[in-house]
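Here is what each chain is made of, one letter per residue.
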Amino acid sequence: MHAANTPSTPGDVLPDHPDFLWRNPDPKPSYDVVVVGGGGHGLATAYYLAKNHGITNIAVLEKGWLAGGNMARNTTIIRSNYLWDESSGIYEHSLKLWETLEEDLDYPILFSQRGVLNLAHSLQDVRDSKRRVYANQLNGIDAEWLEPGEVAKVCPIVNVSSDIRYPVHGATYQPRAGIAKHDYVAWGFARRANDLGIDLIQDCEVTGIDISDGRVTGVRTTRGRIAAGKVALAAAGHSSVLAAMAGLRLPLQSHPLQALVSELLEPVHPTVVMSNAVHVYVSQAHKGELVMGAGIDAYNGYGQRGAFHIIERQMAAALELFPVFARAHMLRTWAGIVDVTPDASPIVGLTPVRDLYLNCGWGTGGFKATPAVGWCFAHTVATGEPHPYNAPFTLSRFTTGALIDEHGAAAVAH
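No experiment lies behind these values; they were computed from the predicted model shown.

**A word on helix α5 (residues 182-195)**
Taking 1.5 Å as the rise per residue, α5 with 14 residues should run 20 Å; its terminal C-alpha atoms sit 20 Å apart, in good agreement. Those residues of α5 not exposed but buried are H182, V185, A186, W187, G188, F189, A190, A193 and N194. The inward-facing, buried residues of α5 contact α1 (40-53), α2 (85-105), β8 (199-201) and α8 (370-383). Once α5 ends, the next one or two residues include G197, with phi positive near 95°.

Below is the structure:
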């Protein structure tokens, strides 16, 4: 991230800005902790290892550029209204961290608590949604049930007519939810991590993981071998590829997940609207573009692109809910790579290999969890024991049967 330092006119005196927000060092021969993955989760983990645990001899390895993967490709929705206690616990912890993150990082992240609506389009949707509201309220989360008329007051451009294919029968509403500027979040964590002495190493792909007597000893990279006391994997859609280097087969499938933005528009959309039945979710970014997401492409793959029919159905769904968007022009589309577990909940914790730690399986919910997973994963790496918030999300639950099934439980998995 480059910051210009050139006066606009002769005689102007500008503040002393650095040329870059962080250093671009060569890797050292060894580190106490190597974090693999320079996205939001990896950067947050490194930051909280330093801030909360005093560990600063850390390298964050990124095969491309910092935060150029899913962190740059998500739709920035932040909420905590998940059904199960385990999920709502870690996401609510995250939301509370979001609320003070700008002050903590001393960097603007444009966190906008504009609320999130999850629409119900059938009687079964209504029953499931009310169940989730009651569960949220029991966990102290700000959740409300809104009737169609109340939905229209929160978001006047939603079509609440009764004569459409998927009529709106109501919605759950979380007022504290919202969006943030994803790039700014990554840059804020990177800047603070750099200030704490952490090496952020770009263009450094991990090609192997060294293990001796059941314990990880380092990683092999395109820039040489790096010895490590501990290795933390935080590589999202490529987690199964990395874990295979350590002899681990993970219960993950990687899929493309597409999103798109419109041209810049005047402010018309005051909140975030999500719908599982028509499967689209829409917000309006700070600059004015509409940000829209859909469901995952059905096939497995690692390509950062997807099939056109997904976009076509996404647009049809958006126009069903928002007829006012009929003449808006699409500006661009893209895809990220999401790693999905059988129960649609993440894996955060220890592995059968000593000192090798795993953070993956967040599917489409990784961005909103960024500060909390950084906090909890850092605790796990530093102490060798899971934090209470990530303790339920073990790899072993897929053999014990202690699943946390969020498939459809949260109205939509995003």
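**What to know about the packing of aromatic side chains**
Here the structure, examined in full by the defined rule, presents 11 aromatic pairs. Their ring planes at 85° and their centres at 6.4 Å tell us that Y107 and Y184 sit as a pair that is edge-to-face. Highlighted residues: Y107 in the loop between α2 and β4 (116-120) and Y184 in helix α5, separated in sequence by 77 residues. With relative accessibility at 14%, the residue Y107 sits in the buried group. The rings of Y47, Y48, F189 and W375 are connected pair by pair, giving a single aromatic cluster. K181 extends its terminal NZ or CZ atom over the ring of Y184, reaching a point 5.9 Å from the ring centre.

**Comments concerning the pairing of strand β6 (residues 170-174)**
Remember that side chains alternate between the two faces of the sheet whenever the strand is regular. Where burial is concerned, most of β6 is hidden: 5 out of the 5 residues are buried. Bridging between β4 and β6 involves 5 bridges; their strand directions are antiparallel. Counterpart to V116 in the pairing with β6 is Q174. Here strand β5 (residues 144-146) pairs with β6 via 3 bridges, running antiparallel. Bridged to W145 within β6 is T172.

**What about the environment of A328?**
Within the secondary structure layout, A328 lies in the loop between α7 (308-321) and β16 (330-340). In this structure, the C-alpha to C-alpha distance between A328 and P386, residues 58 residues apart in sequence, is 47 Å. Beyond its immediate sequence surroundings of up to four residues, A328 is in contact with E263 and L265.

How each quantity is defined
- Residues numbered from 1 in each chain as written.
- Predicted model: local features only at pLDDT ≥ 70, side-chain atom pairs only at ≥ 80, totals over all residues.
- Heavy atoms only, no water.
- Helix = DSSP H or I, 4+ residues; strand = E, 2+ residues; numbered from the N terminus.
- Expected span 1.5 Å × (residues − 1).
- Buried < 20%, exposed > 50% of the residue type's maximum accessible area, 1.4 Å probe, protein only.
- Contact = heavy atoms within 4.5 Å.
- Phe/Tyr/Trp six-rings, centres within 6.5 Å; stacked < 30°, edge-to-face > 60°.
- Lys NZ or Arg CZ within 6 Å of the ring centre and 35° of its normal.
- Pairing = 2+ DSSP bridges.

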